[in-house]
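# Topology and contacts: notes
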Amino acid sequence: MTKVLYITAHPHDDKQSYSMAVGKAFIEQYKQINPSHEVVHVDLYRENIPQIDVDVFSGWGKLQSGKGFEELSSEEKAKVGRLSELCEQFIAADKYVFVTPLWNFSFPPVMKAYIDSVAVAGKTFKYTEQGPVGLLTDKKAIHIQARGGIYSEGPAAEMEMGHRYLSIIMQFFGVPTFEGLFVEGHAAMPDKANEIKENAIARAKDQAHTF
Ligand SMILES: Cc1cc2nc3c(=O)[nH]c(=O)nc-3n(C[C@H](O)[C@H](O)[C@H](O)COP(=O)(O)O)c2cc1C
């Protein structure tokens, strides 16, 4: 069965957030078209997403030195175990739908913590004599993002680092298809905000047919 991870990095819901409103339109349409697919919501603001900290480093160090998982401290076990669980869930999925707002030219920090949990050598990529090679070559991904200004073209385009970062990571993991769906310019043109949002919702419903 096709498994889809709906990964959202937003503290608000679709009533307050443009990204979440467009994300919801996309995933609801996708579910209607593909009723047999399993869609799991990974809500990064509500789930436990450990940061790579001193416990994680010491836990990894113990495992690398040959110690068993049971020999880790309770903090190490909880964090290392959860990171590994997130990575296994990511690998087991076929498609990824990322939803983030643009904050200070990038996405919220919990999204980076999530990427750190899934970027694991031997799982999502591997090192070879020719350099690193991605292992997720049969996956597909889309990133839905609301941005107050315009970044898909024009002078600010090169300042956008959230979609660009995800694009590089997906490439690094070998994911062959990575789409972008943006709601942008509503802060710069408040009189057109509703039109911009409705237009993005319509595009989301269209894009759900081909995803
Ligand atoms: C903390 C924060 C940082 C932001 N940084 C930017 C930015 O760098 N560029 C921009 O155009 N808009 C920025 N905005 C505006 C948001 O991109 C805009 O409100 C967008 O709609 C947020 O997505 P949302 O509607 O899903 O919350 C920022 C908003 C917040 C709250």
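Residues numbered from 1 in each chain as written. Predicted model: local features only at pLDDT ≥ 70, side-chain atom pairs only at ≥ 80, totals over all residues. Heavy atoms only, no water.

## Here's the deal with the site of the ligand
The condition is simple: We call a residue near a molecule or strand as soon as one heavy atom of that residue lies within 4 Å of the molecule or strand. In protein, a polar contact requires one atom able to donate a hydrogen and another able to accept it; more generally it is a pair of N or O atoms within 3.5 Å, and residues adjacent in sequence count only if both atoms are side-chain atoms. Using the Shrake-Rupley algorithm and a 1.4 Å probe, accessible areas are obtained, with residue cover drawn only from the displayed protein chains. Strands here are runs of E lasting at least two residues and helices are runs of H or I lasting at least four, both read from the DSSP assignment and numbered beginning at the N terminus. Note on residue categories: nonpolar means Ala, Val, Leu, Ile, Met, Phe, Trp, Tyr, Cys or Pro, charged means Asp, Glu, Lys or Arg, and polar means any other residue, Gly included.
Close to the ligand lie 15 residues; His10, Ser17, Ser19, Tyr151 and His186 are nearest. Measuring from a nitrogen atom of the ligand, one finds a side-chain N or O atom of Tyr151 at 2.7 Å. The separation between an oxygen atom of the ligand and a polar side-chain atom of His186 is 2.7 Å. Considered on its own, the ligand offers 620 Å² of accessible surface; in the complex 68% of this is hidden by protein. Elements that contribute at least two residues to the shell around the ligand include exactly α1 (18–33) and β6 (140–147). When the residues that make up the shell around the ligand are grouped by side-chain class, the tally is seven nonpolar, seven polar and one charged.

## Quick notes on the UniProt feature "binding site: FMN" (unreviewed entry) in the protein
Let me state the cut-off plainly: UniProt positions are given in the numbering used here, feature names are shortened, and annotations may be inferred rather than shown by experiment. Buried residues are those whose accessible area, probed at 1.4 Å on protein chains only, stays under 20% of the maximum for their type, while exposed residues exceed 50% and partly exposed ones sit between those limits. Whether two residues are in contact is decided by their heavy atoms, any of which lying within 4.5 Å being enough.
UniProt's entry tags Ser17, Tyr18 and Ser19 with the feature "binding site: FMN" (unreviewed entry), counted in the numbering of this structure. For Ser17, the location among the structural elements is in the loop between β1 (3–8) and α1. Ser17 sits in the buried class, given a relative accessible area of 3%. Sequence-distant contacts of Tyr18, that is, excluding residues within four places in its chain, are made with Ala146, Val183, His186, Ala193 and Lys197.

## Focus: the sheet that holds β1
Our working rule: Strands were regarded as paired on the criterion that DSSP finds at least two bridges between them. Lines fitted to C-alpha atoms define the axes here, with helix axes fitted over just the stretch in contact, and angles between the N-to-C directions of these axes take values from 0 to 180 degrees.
Here five strands make up an open sheet; going across it, the order is β2-β1-β3-β6-β7 and the pairing parallel. Each end of this open sheet is capped by a strand with a single partner; those strands are β2 (38–43) and β7 (177–184). For this sheet the average axis-to-axis angle between neighbouring strands, irrespective of direction, equals 15°. When β6 meets β7, the two strands line up parallel, connected through eight bridges. Its bridge partner being in β7, Ile142 is matched across the sheet by Glu179. Its contacts with the sheet place helix α3 (residues 74–92) against β1, β2 and β3 (95–101), and it is angled at close to 130° to β1. The strands touched by helix α6 (residues 193–210) are β6 and β7; relative to β7, the strand with the most contacts, the crossing angle is about 165°.

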